[in-house]
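For reference, the chains in residue letters:
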Amino acid sequence: MKYAVQRLVLAIPLLLLLGTLAFALLRMAPGGPFDPHRVPAPSEIEEALQERHFLNEPIWKQHLRYLGLLWEWYPHDGWVHAQTGLIQLDPGPSLHLPASKVIDLLAEAIRVSLALGFLTFALAIGLGIPGGVLLALPPGRWLELPGSLAALLAMGLLFVFGPILAMPFVCQLEGFPSALASHLERGLWAAGVVGLFAAGRIARLIRGGLRAALQAPFVVTARAKGISEAAVLWGHAFRPAVLPVLSRSASLWAMLLTGMLVVENVWQLPGLGTLLVHSALDPDYPMLVNVVLLYAVATLLLNGTADLLHRRLDPRMPDAYA
Amino acid sequence: MPMPDRGPIDPFMQPDRRFQPYGSGTSRQSDARPGLGIRWLVTLSTVFAFGVVLLLAWPWFSHPTVARGLPIAWTWSPVAPSETPNRAPNATHWFGTDAQGRDLLSRVIHGSRLSVLVGALAAAIGLMIGVAWGTVAGWVGGRWDALLMRIADWLGWLPAIVLVLLLITWIQPPIRSGLPESAAVGTGFQAHLLLLIAGLGAVSWMPIARVVRDQIRFLRRSGPVEAAVVLGFSPFWTFRRHMAPHLGRWVLALLLGTIPAVVFYETFLSSVGLGVQTPLTSLGSLLAEGIAGPDLNRAGGWMLLFPAATLAVILFTFHQLSSEFRKACRNQRG
């Protein structure tokens, strides 16, 4: 618990650093309103832009405003916290849809991505852990070759299955104004592909861990005590068998996030990955930077959680602050 | 060179298990599985088939003109349109033709050649960065090691595609505007390709750095290196003489392992329109055509099926190769 609090506290400077990097990237964005080399617009537009993006302020003030750490002095109200900023979860307007804020568009995408992510994660865990246990035990060994082949090919065939599977649903639902049903169907397929691939990786790791654990002396001791084989498996051998998954959680998370980014685009689901690609295709710099920032924060959170869980299951782990 | 050349000193020439924790050597043998023979067979035959297709196709497809008189399918040009658009696979066009009547087989061969080339070059760039980064971190050690590896870890946590998108979007416009107007029209796609390769290389070094750093730290404690350090040889000489030879096989395994990842990223980027640009063809842009073009009720499923199956074969082949190499590396080490 103390460790968790320490890590949270130490994450604050890191988040500020990320925000600063994002701000620097935004200022360096070519062709945007912040580009110092662009051809100046008519004066009314320039004024509107300056007012909208606070371009006439000194750069340190803009930086603090972007982070959401700006307090301004008003004669009547005293010090007033600025309305926009990362801390207020409002990184400012989008370039392409000036009427809407980045945060509103992000919120929609986050909902889709979160739903997809939970589905994928549940599938990966739900298939991967029993699969790994099955593979490690003698009756399940024949599954090995077909299992690993299926998991490997899932990613390669993603581009075949994706559009072909998606297309009939789109055609069927063409007459319907509501796309919700089709989103659900496509989401299920998308989560299925990434989930299957991740489940393959997890199953291999669990299999390795469980095989090693089943040969360890403490399992011999447990068997010698005369408890049932199921109790040996789940009560003694399973916990150390999960550790390889947790120690590789960083690459597993990266794989899950990459996979979701790809399937969202292949199945045209309006999630974060689609938003990212669309804002890169026709550059919407504020949107792009903030989506990347969101990805960075998400990876920090996910890896932090996995690390805490790892420490919970294996107290021998050394401290890693970050 | 301050020392007479006596050939490389190899502390691992003998099956030496001194540096390994107890028992790690024996578990390898018990890990031998009955499926291994089949997997090797599959791997080798795919590599062989793949290599044969690429090599055979090389002289003919280097030219945009059709090699006439040869009654086999791969004498078709990947760029020359024919009078038979949207044909399903048949005896003349083994993979069918696209909307302009171009032979899909030749386009797939061309595309996969570019995809593998991009993958190999980007992986080589990533390898250079990763080896340098990991070597410095592993050699210097201490606080700098912690810092360098922390940076590599954090960057590695982010999906590589996100970083590539960020890099390309930010760097491309200044490069475009930096080119002279006439050059920008003709060579825009080439500049973009180079940028793509550089970007993919710049985001694929993190796992390499981690492995190399662990290897360097491991070698740093070995007898010859300690002796060289004590005798006052420069770090560069020690690295070249006592560490680089051992890194070699790891580097090959890592290169082979990075290529499929990069090929996959490139395919994805090209399939959404951010990768390889129009005059060039990669597997990703073929997939994009396959996704966008065909009306499945009428025709065109092959436009999707063949590039995707080729991609699956390429990914599978490189994945298998690298995992076999990795296994060989581990077994050799102890």
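Residues numbered from 1 in each chain as written. Chains lettered and ligands numbered in written order. Predicted model: local features only at pLDDT ≥ 70, side-chain atom pairs only at ≥ 80, totals over all residues. Heavy atoms only, no water.

Moving on, we come to the overall build of chain B. When you go through chain B residue by residue, the secondary structure sums to 11 helices and zero strands. N-terminal to C-terminal, the α/β element order of chain B is α-α-α-α-α-α-α-α-α-α-α. The buried share of chain B, reckoned over its 334 residues, is 47%. Partitioning the intrachain contacts of chain B with sequence separation of at least 6 by distance along the chain shows that 70% fall at a separation of at least 24. If you sum the accessible surface of chain B, you get close to 16200 Å²; carbon and sulfur atoms cover 67% of it. (Helix = DSSP H or I, 4+ residues; strand = E, 2+ residues; numbered from the N terminus. Buried < 20%, exposed > 50% of the residue type's maximum accessible area, 1.4 Å probe, protein only. Contact = heavy atoms within 4.5 Å. Areas by Shrake-Rupley, 256 points an atom, 1.4 Å probe, with all protein chains shown as cover.)

With that settled, the discussion passes to the packing of aromatic side chains. Going through the model one piece at a time under the given rule, you end up with five aromatic pairs over all chains. With 5.5 Å between their ring centres and 15° between their planes, Phe121(A) and Trp253(A) make a pair best called stacked. Separated by 132 residues along the polypeptide, Phe121(A) in helix H4 (residues 102-136) and Trp253(A) in helix H10 (residues 249-266) bring together distant segments of the chain. Taking relative accessible area as the criterion, Trp253(A) reaches 17% and is therefore assigned buried. Summarising the aromatic geometry, the rings of Tyr285(A) and Trp170(B) are spaced 4.8 Å apart at their centres and angled 80° between planes, so their arrangement reads as edge-to-face. Of this pair, Tyr285(A) sits in helix H12 (residues 285-313) while Trp170(B) sits in helix H5 (residues 160-178), placing the two residues on different chains. Note on Tyr285(A): relative accessible area 5%, which makes it buried. Lying over the aromatic face of Trp139(B), Arg220(B) brings its terminal NZ or CZ to 4.6 Å of the ring centre. (Phe/Tyr/Trp six-rings, centres within 6.5 Å; stacked < 30°, edge-to-face > 60°. Lys NZ or Arg CZ within 6 Å of the ring centre and 35° of its normal.)

All right, on to the side chain of Asn265(A) then. Topologically, Asn265(A) is positioned in helix H10. What makes Asn265(A) buried here is its relative accessible area of 7%. Within polar-contact distance, the side chain of Asn265(A) engages the backbone oxygen of Leu261(A) at 2.8 Å. If near-sequence neighbours (up to four positions away) are discounted, Asn265(A) is found in contact with Gly273(A), Thr274(A), Val277(A), Phe268(B) and Val272(B). (Polar contact = N/O pair within 3.5 Å; in protein donor to acceptor, adjacent residues only side chain to side chain.)

In terms of nonpolar packing, the biggest core is built from 121 residues, with Leu276(A), Tyr295(A), Leu200(B) and Leu269(B) touching the most fellow members. With 12 residues, helix H7 (residues 180-214) of chain A is the single largest residue contributor to this core. Counting residues in each nonpolar core, the second largest holds 16 residues, with Val131(B), Trp139(B), Val225(B) and Trp250(B) among its members. (Core = buried A, V, L, I, M, F, W, Y, C linked by side-chain atoms within 4.5 Å.)

Residues and elements named next belong to chain A. There is about 990 Å³ of room inside the second largest pocket. Surrounding the second largest pocket, 36 residues form its lining, Phe-121, Trp-253, Leu-256, Leu-257 and Leu-302 being those nearest its centre. When its residues are assigned to classes, the lining of the second largest pocket shows 29 nonpolar, six polar and one charged. (1 Å grid on protein atoms, 1.4 Å probe; cavity = no way out; pocket = protein on both sides within 12 Å on 5 of 7 lines; lining within 4 Å. Points joined across faces, edges and corners; volume = space filled by probe spheres on them. Nonpolar A, V, L, I, M, F, W, Y, C, P; charged D, E, K, R; others polar.)

With that settled, the discussion passes to the environment of Ala136(A). All names here are of chain A. Here Ala-136 lies in helix H4. For the pair formed by Ala-136 and Leu-69, sequence separation is 67 residues and the distance between their alpha carbons is 53 Å. Apart from residues no more than four positions distant in its own chain, Ala-136 is found in contact with Arg-141, Arg-207, Leu-210 and Arg-211.

Let us look at the pairing of strand S1 (residues 71-74) of chain A. Residue and element names in this part refer to chain A. Strand direction decides the pairing type here: S1 and strand S2 (residues 78-81), joined by four bridges, are antiparallel. Bridge assignment links Tyr-74 to a residue of S2, and that residue is Gly-78. Between S1 and S2, which pair antiparallel in sequence order, lie three residues. (Pairing = 2+ DSSP bridges.)

Here the focus is the confidence of the model for chain B. Residues and elements named next belong to chain B. In the predicted model, chain B carries a mean pLDDT of 73, and the fraction of residues at 70 or more is 68%. Model confidence for chain B, summarised as mean pLDDT per element, is weakest for helix H1 (residues 26-30) at 41 and strongest for helix H7 (residues 206-220) at 89. Counted against residues more than four places away or in other chains, residues 1-36, with its pLDDT under 50, gives 39 contacts. Below pLDDT 50 for its whole length, residues 61-74 participates in 27 contacts with residues either more than four positions away or in separate chains. The complex prediction reports pTM at 0.80, with the ipTM value standing at 0.81. (pLDDT = per-residue confidence, 0-100.)

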